[in-house]
Amino acid sequence: MDELAKNALVGDALKALLYEVSVNPKPGLVDPVSSGPHPDMDVFTFIDSTVSLRQYFTSCVGQGAAFHGDDLRQLFGSIRPIGVQAEHEMFAATNGVNTHKGAIFSLGILVTAEAYRLNHQQLTVTNVVQLMLRGLTASDFKNLDRQPADLLTAGERQYLRYGTKGIRGEAETGYPTVISVGLPTLRAAKGNQNQRLLDTLMMLVGHSVDTNLVKRAGNEDVVEWAHVQAKRYFDLGGSQTEDGMAFLTQLNQTFTDRNLSLGGSADLLILTIFLGLREGII
Ligand SMILES: CC(C)(COP(=O)(O)OP(=O)(O)OC[C@H]1O[C@@H](n2cnc3c(N)ncnc32)[C@H](O)[C@@H]1O)[C@@H](O)C(=O)NCCC(=O)NCCS
Ligand SMILES: Nc1ncnc2c1ncn2[C@@H]1O[C@H](COP(=O)(O)OP(=O)(O)OP(=O)(O)O)[C@@H](O)[C@H]1O
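Residues numbered from 1 in each chain as written. Chains lettered and ligands numbered in written order. Predicted model: local features only at pLDDT ≥ 70, side-chain atom pairs only at ≥ 80, totals over all residues. Heavy atoms only, no water.

- An unreviewed UniProt entry lists the protein under the name Probable 2-(5''-triphosphoribosyl)-3'-dephosphocoenzyme-A synthase, with Secundilactobacillus folii given as the organism.
- We quote the UniProt Sequence similarities (unreviewed entry) comment for the protein here in full: "Belongs to the CitG/MdcB family."
- UniProt annotates the protein under Catalytic activity (unreviewed entry) with the comment "3'-dephospho-CoA + ATP = 2'-(5''-triphospho-alpha-D-ribosyl)-3'-dephospho-CoA + adenine". (UniProt positions renumbered as here; feature names shortened; annotations may be inferred.)

This is how it looks when you write it as structure tokens:
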């Protein structure tokens, strides 16, 4: 893999983050027009955060391209500490605001997998991710019930309470929601870039269990409600119709009023954009 190809991979990761934050109006998320239910951040916070991650993605590409072992779990083991470091850099760049924690984890995995795959073209990105993350949920969720409750993250708490595997479950299975929902929607989506990405986001919202949303709502029933909202958007014609867009604008307000966030769905959109850029469909 030459330097040009490595730089292109890093560039696609950074573009994915910047494209996603630029899409609007996004319910429950920061965009250039509104911060929605996130008064502690705006689009500039996301630009600062994105730029702070260049070195991290460069390291992920380096690890993926240089890995020649048989057990790809070791490749994941090599990027996890780099991810922890990247989280520190993100918090330093945003004055302590969590902009991209989920994206650091998920996009770091996909960038690493893509770099590895460029030297192993017989494998799909799904194959590589599944091999890298074998046993992730079992090891991350092991003995959680013995941890002090106040030290648990939102995702860990929801696993204990509802059995939801969240970002780790999605990752371990090779990001099926991105591959089977996000990418096919993006390939088929019509209109300009913003319209295509809005439809892709809403399709992801309709097919995922977003632990960020559940945390903000304090219950799991909100997932079904969000799925119904996404279906209504598409029944009205999605981004292609005035009714669809009017509904989305109203939904944006509802999410803000109810202090609901879609941080996990935003991450799934980021991953879809990244793979879409690699595939040349965006
Ligand atoms: C697994 C990670 C994301 C942490 O999980 P944690 O339990 O702290 O968070 P939690 O489960 O609450 O969710 C984190 C984020 O995931 C995203 N998310 C939520 N739901 C989903 C979903 N269905 N699909 C994809 N992403 C989702 C959201 O952005 C959310 O904010 C990661 O930060 C981690 O492994 N942390 C431990 C320290 C570490 O190793 N960090 C470096 C990672 S390379
Ligand atoms: N445009 C966006 N793109 C990506 N993620 C976004 C966007 N807007 C909001 N988010 C996400 O919102 C989440 C932050 O929400 P929230 O404040 O509920 O999480 P937190 O920082 O983990 O929790 P708390 O603020 O309660 O400590 C982050 O995961 C962030 O990724």
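Additional details are given in the paragraphs that follow.
**Thoughts on the side chain of Thr 185**
Then, number 1: Mapped onto the fold, Thr 185 is located in helix H10 (residues 176-188).
Then, number 2: Apart from the residues lying within four places of it in its own chain, the contact partners of Thr 185 are Asp 199, Thr 200 and Met 203. (Helix = DSSP H or I, 4+ residues; strand = E, 2+ residues; numbered from the N terminus. Contact = heavy atoms within 4.5 Å.)

**With respect to the site of ligand 2**
Then, number 1: As a structural note, the neighbourhood of ligand 2 is formed by 16 residues, with Glu 20, Val 30, Thr 99, Lys 215 and Arg 216 the closest of them.
Then, number 2: With respect to ligand 2, the side chain of Glu 20 contributes an N or O atom lying 2.7 Å from a nitrogen atom.
Then, number 3: Between ligand 2 and Arg 216 there is a distance of 2.9 Å, counted from an oxygen atom to a side-chain nitrogen or oxygen.
Then, number 4: The element contributing the most residues to the shell around ligand 2 is helix H12 (residues 211-217), with three residues. (Near = heavy atom within 4 Å. Polar contact = N/O pair within 3.5 Å; in protein donor to acceptor, adjacent residues only side chain to side chain.)

**Structural notes on the site of ligand 1**
Then, number 1: If you check the shell around ligand 1, you find 19 residues, and the closest are Arg 80, Lys 101, Thr 153, Gly 155 and Asp 267.
Then, number 2: In this structure, Gly 155 approaches ligand 1 through a main-chain N or O atom, which is 2.8 Å from an oxygen atom.
Then, number 3: Within the contact set of ligand 1, an oxygen atom lies 2.5 Å away from a side-chain nitrogen or oxygen of Asp 267.
Then, number 4: Starting from 880 Å² of accessible surface for ligand 1 in isolation, the protein chains cover 88%.
Then, number 5: Those elements that place two or more of their residues in the shell around ligand 1 are helix H4 (73-93), helix H5 (101-118), helix H8 (154-162), helix H9 (166-172) and helix H15 (263-279).
Then, number 6: Of the residues in the shell around ligand 1, the class split is six nonpolar, seven polar and six charged. (Areas by Shrake-Rupley, 256 points an atom, 1.4 Å probe, with all protein chains shown as cover. Nonpolar A, V, L, I, M, F, W, Y, C, P; charged D, E, K, R; others polar.)

**What about the environment of Leu 160?**
Then, number 1: Counting through the fold element by element, Leu 160 comes out in helix H8.
Then, number 2: Residues in contact with Leu 160, not counting those within four places in the same chain, are Leu 144, Asp 145 and Leu 152.

**Here we look at the pattern of salt bridges**
Then, number 1: Here the structure, examined in full by the defined rule, presents 12 salt bridges.
Then, number 2: Across the pair Arg 187 and Glu 279 runs a salt bridge whose closest N-O atoms are separated by 2.6 Å. Of the two residues, Arg 187 is situated in helix H10 and Glu 279 in helix H15; the sequence distance between them amounts to 92 residues.
Then, number 3: You can call Arg 187 partly exposed: its relative accessible area is 43%.
Then, number 4: For Glu 279, a relative accessible area of 40% gives the class partly exposed.
Then, number 5: Taken together, the salt bridges that share partners define one network made up of Asp 12, Glu 114, Arg 117 and Arg 278. (Salt bridge = Lys/Arg side-chain N within 4 Å of Asp/Glu carboxyl O. Buried < 20%, exposed > 50% of the residue type's maximum accessible area, 1.4 Å probe, protein only.)

**Observations concerning unusual backbone geometry**
Then, number 1: Across the junction of Asn 24 and Pro 25, the peptide omega takes the value 0 degrees, indicating a cis bond.
Then, number 2: Relative to the elements of secondary structure, Pro 25 occurs in the loop between helix H1 (3-22) and helix H2 (43-52).
Then, number 3: Unusually for a residue other than glycine, Asn 95 sits at a positive phi of about 55 degrees.
Then, number 4: Its location among the elements puts Asn 95 in the loop between H4 and H5.
Then, number 5: The backbone of Asn 143 sits at a positive phi, close to 60 degrees, despite the residue not being glycine.

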